[in-house]
Amino acid sequence: MDNSTKIKQYLRRMAPQPYTEVYLARVKSVEDDTCTIDLDGLEIDGVSLRPVQDSSNLPLRITPAVGAFAIVADLSEGHLRRLAVLAVSEAEKIELRGGENGGLVNIESLKDYLDAFKNAVSNALNAIGTGSVASGPAGKATFDAAMTTAAQHLQTLEDTAITH
């Protein structure tokens, strides 16, 4: 044991106060609100992803990716019994306010979708404006043929990794 560790131990014995140890560990697996970490070769399960344990929805909850590094706090004053993840190097999922409002929109997907929609409307207006659409069944077939190239399918714009 090095001198700084010995000095810390002696000071704690003289004036015991609650303290929190912080470690860097690797995430081995994730199970609901907990994860299993590898702390210098020691595998510890039941590490909380919610440092504050109450029934409310936290404003932010980060689910770490397996293999990510995690900064872990020992809330049991060095006994490694009550650990909680404070930050991670890579997130599998991020939830805002309990994830009740669905995912945030991927802005690039939204931009692409709106551009395609604009082109489809433009093609429809051009088909109508050039008189290529006639009335009756023949007109419907002509219009449908002109719109085939502009057909767009609704795509998923939601970023499912982030919910709010």
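Residues numbered from 1 in each chain as written. Predicted model: local features only at pLDDT ≥ 70, side-chain atom pairs only at ≥ 80, totals over all residues. Heavy atoms only, no water.

## Observations concerning the overall build of the chain
Rules: A run of H or I in DSSP becomes a helix once it reaches four residues, and a run of E becomes a strand once it reaches two; helices and strands are each numbered from the N terminus. In this scheme, a residue with accessible area under 20% of its type's maximum is buried, one over 50% is exposed, and one in between is partly exposed, where area comes from a 1.4 Å probe on protein chains only. Note on contacts: a residue pair qualifies if any of its non-hydrogen atoms lie within 4.5 Å across the two residues. Under the convention used here, a 1.4 Å probe and the Shrake-Rupley method define accessible areas, while residue burial counts only the protein chains that appear.
On a plain count of helices and strands, the chain comes out with three helices and nine strands. Taking all 164 residues of the chain together, 24% fall into the buried category. A fraction of 61% describes how many contacts in the chain between residues 6 or more apart in sequence connect residues 24 or more apart. When the accessible surface of the chain is totalled, it reaches about 11,100 Å², and 55% of it is carbon and sulfur.

## Observations regarding unusual backbone geometry
Positive phi values are uncommon outside glycine, yet D32 reaches one of about 50°. Inspection of the secondary structure assignment puts D32 in the loop between β1 (21-31) and β2 (34-39). Of note in this structure, L80 is not a glycine but carries a positive phi near 55°. Mapped onto the fold, L80 is located in the loop between β5 (69-74) and β6 (83-88).

## What about the pairing of strand β3 (residues 42-48)?
Our working definition: For two strands to be treated as a pair, DSSP must find no fewer than two bridges joining them.
Across five bridges, the pairing between β2 and β3 is antiparallel. Within β3, the residue paired with T34 across the bridge is S48. Where β2 hands over to β3, the hairpin turn is made up of two residues, of which D40 adopts a positive phi near 55°.

## A look at the confidence of the model for the chain
Low pLDDT means the predicted atomic positions in that stretch should not be read closely. As a reminder, the rule being used: The pLDDT score gives, residue by residue, the confidence of the prediction method on a 0 to 100 scale.
Looking at the chain as a whole, the pLDDT averages 79, with 70% of positions reaching at least 70. Between the elements of the chain, mean pLDDT differs from a low of 65, seen in helix α3 (residues 136-147), to a high of 96, seen in β2.

## Observations concerning the pattern of salt bridges
For the record, the criterion: Throughout this description, the term salt bridge denotes a Lys or Arg side-chain nitrogen within 4 Å of a carboxyl oxygen of Asp or Glu.
Evaluated as defined, the whole model comprises one salt bridge. Measuring nitrogen to oxygen at the nearest pair gives 3.3 Å for the salt bridge that ties D115 to K111. You can see D115 and its partner K111 sitting in helix α2 (residues 107-129), four residues apart, about one turn around the helix. By relative accessible area, which is 44% here, K111 ends up partly exposed.

## What about the packing of aromatic side chains?
The condition is simple: Only centres within 6.5 Å qualify two rings of Phe, Tyr or Trp (six-membered ring in Trp) as a pair; their planes then separate them into stacked at under 30 degrees, edge-to-face at over 60, and tilted for everything else. Here, over-ring charges are defined by two tests on the NZ atom of lysine or the CZ atom of arginine: distance to the ring centre within 6 Å, and angle to the ring normal within 35 degrees.
Applying the stated criterion across every chain yields a total of one aromatic pair. Here Y113 and F117 contribute two aromatic rings whose centre-to-centre distance is 6.5 Å and whose plane-to-plane angle is 25°, an arrangement assigned as stacked. With Y113 and F117 both in helix α2 and four residues apart, the pair spans about one turn of that helix. Residue placement shows R26 over the ring face of F69; its charged tip is 3.9 Å from the ring centre.

## Some remarks on a nonpolar patch on the surface
Spelled out, the test is: Put simply, a patch holds well-exposed residues, over 30% relative accessible area, that have no salt bridge, with like charges counted together within 9 Å and Val, Leu, Ile, Met, Phe, Trp or Tyr side chains within 5 Å.
A cluster of nonpolar residues, V22, L24, F69, I71 and L86, forms a patch on the protein surface that exposes about 460 Å² of accessible area. With respect to the element layout, L86 can be found in strand β6.

## Description of the nonpolar core
This is how the line gets drawn: For this analysis, a nonpolar core means a set of buried residues of the types Ala, Val, Leu, Ile, Met, Phe, Trp, Tyr and Cys, connected via side-chain atoms within 4.5 Å.
Counting 12 residues, the largest nonpolar core is built from A25, V27, C35, I37, L39, I44, V47, L49, A70, V72, L83 and V85. Sorting the residues of this core by element identifies β1, β2, β3, β5 and β6 as the ones contributing at least two each. The element contributing the most residues to this core is β2, with three residues. The contacts of L49, once residues within four sequence positions are left out, are V30, D32, D33, T34, C35, R61, I62, T63, P64 and V85.

## Here we look at the side chain of E21
Relative to the helices and strands, E21 resides in strand β1. For E21, the residues in contact, after removing those within four places along its chain, are R12, V72, A73, D74 and G78.

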